[in-house]
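Architecture and fold: a report
So you can see what is in the structure, the chains are spelled out below.
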2 protein chains.
Amino acid sequence: MSVRIGLVGTGTVGGGCIEILKKHHDDFIRHYGIDLELVRVCSHNPEQAVEHGVSDIFTQDYHELLADDSIDIIIELVGGTTVAKSIVLDSLAAGKNVVTANKALMATFGQEVFDAADAAGKEIAFEASVGGGIPIIDPLKHSLISNEISSVMGIVNGTTNYMLTRMGEAGLSYDEALREAQAQGFAEANPTADVDGLDAAAKIAILSSIAFNSRVVIGDVYTEGIRNISPVDLEAASDMGYCVKLLAIGHRRPEGIDVRVHPTMLPLNHQLSTVSGVFNAIYVTGDAVGETMFFGQGAGSGPAASAVMGDVLEVARHVMAGVKPLVGCTCTDKVPIIPMKELKMKYYVRFTVHDRIGVLASIASIFAEHNVSVYSVVQRGKKVGGKVDLVYVTHTACEADVSAVLEEIASLDDVLLAEPSVIRVED
Amino acid sequence: MSVRIGLVGTGTVGGGCIEILKKHHDDFIRHYGIDLELVRVCSHNPEQAVEHGVSDIFTQDYHELLADDSIDIIIELVGGTTVAKSIVLDSLAAGKNVVTANKALMATFGQEVFDAADAAGKEIAFEASVGGGIPIIDPLKHSLISNEISSVMGIVNGTTNYMLTRMGEAGLSYDEALREAQAQGFAEANPTADVDGLDAAAKIAILSSIAFNSRVVIGDVYTEGIRNISPVDLEAASDMGYCVKLLAIGHRRPEGIDVRVHPTMLPLNHQLSTVSGVFNAIYVTGDAVGETMFFGQGAGSGPAASAVMGDVLEVARHVMAGVKPLVGCTCTDKVPIIPMKELKMKYYVRFTVHDRIGVLASIASIFAEHNVSVYSVVQRGKKVGGKVDLVYVTHTACEADVSAVLEEIASLDDVLLAEPSVIRVED
């Protein structure tokens, strides 16, 4: 009996899936007794269908896939939360199992998707939505479930990790690093989703939901990107024994879930600090397992297709055995999200200011006024044209107080020459 | 409906399982709808039963567990290949699913165990047999199966990784590092299984079997331990941009499977080089996913119990859903093992010799005679009492030729003052 697949989306990842199917069709039969048959392919792009050699089974209307009763599994690789949402929900309603790589959809409408799968008695699988080819959702939903997970932290955006790596090792400015990443094909022409942390926010919402058994959506995630980071910051961090990563953080605390994405100072001896370039890694801490890390390529045709097809093969096993979904939504608790303002941590803040008498004193008094205790202040770099970088590191302070400090300093007349660079410290 | 568990073995890992069951019983019901009930515990050690608070369900005869028709899953944590083998095979024959942490059993009698499970229509799960708490068997059997795996390499023995780390960072001798590891509880009083590489050999046999879909048993694994390694070697490696790890290596080559355990020089920029102390990591390369790594604690009560209980919960899901085993033995191919003598690689060899005129010349002529081309020779360390360390690094050479070189040099009268340290290079 073959398990019949309909594919929606013929871009990079879709192409990777078609390639795997062609290359390993016979291996899957021999090793696992699974005979996968790609019976229908849909996208808005007939040229890609020709390119991938699937124009004979191509359509531009996904409803044709839904109407084909022989199709067991629909792969959704359209992305976004509009058409993709309809495809996923309609497919489930039509009695198809669905495999998707869609992080935005799962991080925004995850509950709705799970409910639809549940109502249809079908499976929804989405390993490729986080960490590309790295197995992380499956381990969290299977191997690690005897643990209470206290923390899940990840470098889940390859673009920004590449940029930060290059800024650190070659002293590139933010703009230079971005241009280099674009030239290498690691960053989009419009890099917003990556550099502003939105991509990472969707991923940590998904990971936190699974890890903490409580629904976290992208809107719950406090998000800051890397636009204000400069090589000065990476150099300063390094001098203090830290590196700077755009970290996606989920902590389960007694009072709720602490979930956020922002530039983060990590001790150099932390295992995540060893993850450089476009690589991704997710660091999971559980009460029994202790510390674990899952490392690999977070993007690209092959890695993402590896995850998608892993899901397809797993669902196919269930289809063949006539097994109903074994694991659905596991968000059985309703844990509150801790408001960002209430969090306490250490802060690194760099101000680019006019080199003038009195600036240090007025900044110092504003920190003091808001009860933020300063651990160190260092002037970094050369004075250029009357500009100077002042680097502050605080003792543990409350986010609300630090925000107030930043606001008040920003309101000072003619002091700041650029937006401050704020890096939170994760010890 | 509860899923009923029988536990055989009440040592460190068994204790960890009992603890998880106590702590998270209600969580498992709430999150996953799985009600686990520990109904019978067996070992030779009634004191441990008292200690773990299970003396009311304790027996010293495992046959009582087999005779209890209400038991769905037997956990085997006895270890070894004698009694444990009977427990596992008898349990399967009695219609129980089995979860085990037994690497020696799976690496030696894996096929027999799978056949017994198959005949009984029951499951055998063994995530804890490799890498402690690190999910690796499950990812290889699920998330990554759309890949053709070309390589699986691991630091899978925490004892030796701790020792090598300490020898490197603190210049400890082998004996000092061993004593320290023993004092810390990271090494056994009899460290043979660890330092001679036997523990790692069992693990790479298991990983290779799964990764390459072909049965590899412990006897197939060429194995050398770390007894001849000294701080001089770690220092020399570091100078060349390498670290030294006891690496368990499985490569799928066109001509067969290359599987071995030995001290290995790894480039410092390889991700496995960042794994220090008692941590373990497994590095997997697949044709679609590219490079991935799974990192965590390879031993200890919590980590091992995490893996065991992860398996138990997964099997319990299947029991509750009335699902027959979905994945059994996947060794569907019969790929030959490449004899060690036929492999080609680069070698680092350190000879401790009498500091005498003529020694360099006679060693050089023996390398030449066997067609082993020397890339560099360096005298390391201080001459002490007429002793000197000569470090050779070869170009790519054949194992058979290098063996012949080593044999002939060993046979020279009055030249070697210690067994040579041989470290193979993995680039």
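Just so we're clear, the structure is a prediction, and the values are computed from it rather than from any experiment.

As a further point, take the interface of chain A and chain B. In this assembly, 55 residues from chain A lie in contact with 55 residues from chain B. Interface of chain A and chain B: buried area, both sides summed, is about 4500 Å²; carbon and sulfur atoms make up 54% of it. Considering only the surface of chain A that becomes buried against chain B, A:Ile145, A:Ser146 and A:Phe295 emerge as the three largest contributors, covering 14% of it. Seen at the junction of chain A and chain B, the total is four salt bridges. Between B:Asp333 and A:Arg30 there is a salt bridge, with the nearest N and O atoms lying 2.8 Å from each other. Summed over the shared surface of chain A and chain B, the number is 26 residue pairs in polar contact (both at pLDDT 80 or more). Elements with a minimum of two residues in the side of chain A that touches chain B: helix H1 (12-32), helix H6 (137-141), strand E11 (279-286), strand E12 (290-297) and helix H12 (301-321) of chain A. In terms of residues, the side of chain A that touches chain B owes the most to one element, H12(A), which gives eleven residues. Looking at side-chain class alone, the side of chain A that touches chain B contains 23 nonpolar, 20 polar and twelve charged residues.

Take chain A, turn it by 180°, move it 0.0 Å along the axis, and it overlays chain B with an RMSD of 0.0 Å. Such values leave the two copies arranged in the relation of a two-fold axis. When C-alpha positions in chain A are compared against the rotation axis, the closest is assigned to A:Phe294, at 2.5 Å. Of the residues that chain A buries at the interface, 100% are likewise interface residues in chain B, meaning the two copies contact each other through the same surface.

This paragraph deals with the packing of helix H13 (residues 359-369) of chain A against helix H14 (residues 399-411) of chain A. Residues and elements named next belong to chain A. Interhelical geometry of H13 versus H14 gives an angle of 150° and a closest axis separation of 9 Å. Note on packing geometry: the crossing formed by H13 with H14 is right-handed. Of the residues in H14, those in contact with Ile363, Ile366, Phe367 and Glu369 of H13 are Val405, Glu408 and Ile409. A breakdown of the residues in the contact of H13 with H14 according to their chemical character gives five nonpolar, no polar and two charged.

Residue and element names in this part refer to chain A. Read across the sheet, six strands follow the order E3-E2-E1-E4-E5-E6 without closing on themselves; strand pairing throughout is parallel. With one partner strand each, in any of the chains shown, strand E3 (58-59) and strand E6 (124-125) form the two edges of the open sheet. Where strand E2 (residues 35-42) meets E3, two bridges bridge the pair, whose relative direction is parallel. The partner of Cys42 across the bridge, within E3, is Thr59.

Residues and elements named next belong to chain A. A surface patch of nonpolar side chains, amounting to about 230 Å² of accessible area, comprises Leu360, Val374 and Val377. Here Val377 is to be found in strand E14 (residues 374-384). Classification of Val377 as partly exposed rests on a relative accessible area of 41%.

Next up on the list: the side chain of A:Arg317. Following the sequence through the fold, A:Arg317 ends up in helix H12. What makes A:Arg317 buried here is its relative accessible area of 6%. A distance of 3.2 Å separates polar atoms of two side chains, one belonging to A:Arg317 and the other to B:His142.

A few words on the pairing of strand E10 (residues 256-267) of chain A. All names here are of chain A. Among the twelve residues of E10, twelve are classified as buried, and the element is accordingly described as predominantly covered. Across two bridges, strand E8 (residues 222-223) lies against E10 in parallel orientation. Each residue of the ladder has a partner; that of Thr223, found in E10, is Val261. As judged from the twelve bridges shared by strand E9 (residues 242-253) and E10, these two strands associate in the antiparallel manner. In the sheet register, Ala248 faces E10, and the bridge partner there is Val261. Counted along the chain from E9 to the antiparallel partner E10, the turn is two residues long. Relative to strand E17 (residues 421-425), E10 runs parallel, the two sharing two bridges. Bridge pairing in E17 links Met265 to Val425.

As a further point, take the pairing of strand E7 (residues 149-155) of chain A. Residue and element names in this part refer to chain A. Of all seven residues that make up E7, six are buried, and the element is covered over most of its length. Bridge count for E7 against E11 is six bridges, and the pairing is antiparallel. Bridge pairing in E11 places Ser151 opposite Thr285. Of the strand pairs in this sheet, E7 and E9 are connected by four bridges, and their pairing is antiparallel. From the neighbouring strand, Met153 faces E9, where its bridge partner is Ile249.

A separate point is the sheet that holds strand E4 (residues 73-76) of chain B. Two strands in a sheet stick together by hydrogen bonds in their backbones, pointing the same way (parallel) or opposite ways (antiparallel). Spatially, the six strands line up as an open sheet ordered E3-E2-E1-E4-E5-E6 (chain B), and their pairing is parallel. Each edge of the open sheet carries a strand with a single partner, namely strand E3 (58-59) and strand E6 (124-125) of chain B.

Partitioning chain A into structural domains gives domain 1 (2-133 + 301-321), domain 2 (137-297) and domain 3 (341-425). Each of domain 1 of chain A and domain 3 of chain A has a C-alpha centre, and the two are 50 Å apart.

Residues and elements named next belong to chain A. Within the structure shown, the criterion is met by 46 salt bridges over all chains. In this structure, Lys346 engages Asp427 in a salt bridge whose closest nitrogen and oxygen atoms are separated by 3.4 Å. With Lys346 in strand E13 (residues 344-354) and Asp427 in the segment after E17, the pair connects residues that are 81 residues apart, well separated along the chain. Lys346 gets classed as partly exposed once you look at its relative accessible area, which sits at 33%.

Before going further, it helps to spend a moment on unusual backbone geometry. All names here are of chain A. Even without being glycine, Asn213 reaches a positive phi, approximately 55°. Turning to its location among the elements, Asn213 is positioned in the loop between helix H10 (198-211) and E8. Taking the relative accessible area as the measure of exposure, Asn213 reaches 6% and is therefore buried. One non-glycine residue, Asp414, adopts positive backbone phi at about 60°. Within the secondary structure, Asp414 sits in the loop between H14 and E17.

Residue and element names in this part refer to chain A. Across all of its chains, the model carries 13 aromatic pairs over all chains by this definition. Ring geometry for Phe351 versus Phe367: centroids 6.5 Å apart, planes at 70°, classification edge-to-face. Of this pair, Phe351 sits in strand E13 while Phe367 sits in helix H13, and the two are 16 residues apart along the sequence. Both residues of the pair, Phe351 and Phe367, count as buried. Above the plane of the ring of Phe109 lies Lys85, whose end atom (NZ or CZ) is 3.8 Å from the centre.

The rules behind these values
- Residues numbered from 1 in each chain as written.
- Chains lettered and ligands numbered in written order.
- Predicted model: local features only at pLDDT ≥ 70, side-chain atom pairs only at ≥ 80, totals over all residues.
- Heavy atoms only, no water.
- Contact = heavy atoms within 4.5 Å.
- Buried area = accessible area lost by both parts, 1.4 Å probe.
- Salt bridge = Lys/Arg side-chain N within 4 Å of Asp/Glu carboxyl O.
- Polar contact = N/O pair within 3.5 Å; in protein donor to acceptor, adjacent residues only side chain to side chain.
- Helix = DSSP H or I, 4+ residues; strand = E, 2+ residues; numbered from the N terminus.
- Nonpolar A, V, L, I, M, F, W, Y, C, P; charged D, E, K, R; others polar.
- Least-squares fit on C-alpha atoms with pLDDT ≥ 70 in both.
- Axes fitted to C-alpha atoms, helices over the stretch in contact; angles between N-to-C directions.
- Left-handed = near helix turned anticlockwise from the far one by under 90°.
- Pairing = 2+ DSSP bridges.
- Patch = residues over 30% accessible without salt bridge, like charges linked within 9 Å, V, L, I, M, F, W, Y side chains within 5 Å.
- Areas by Shrake-Rupley, 256 points an atom, 1.4 Å probe, with all protein chains shown as cover.
- Buried < 20%, exposed > 50% of the residue type's maximum accessible area, 1.4 Å probe, protein only.
- Domains from an automatic or database assignment.
- Phe/Tyr/Trp six-rings, centres within 6.5 Å; stacked < 30°, edge-to-face > 60°.
- Lys NZ or Arg CZ within 6 Å of the ring centre and 35° of its normal.

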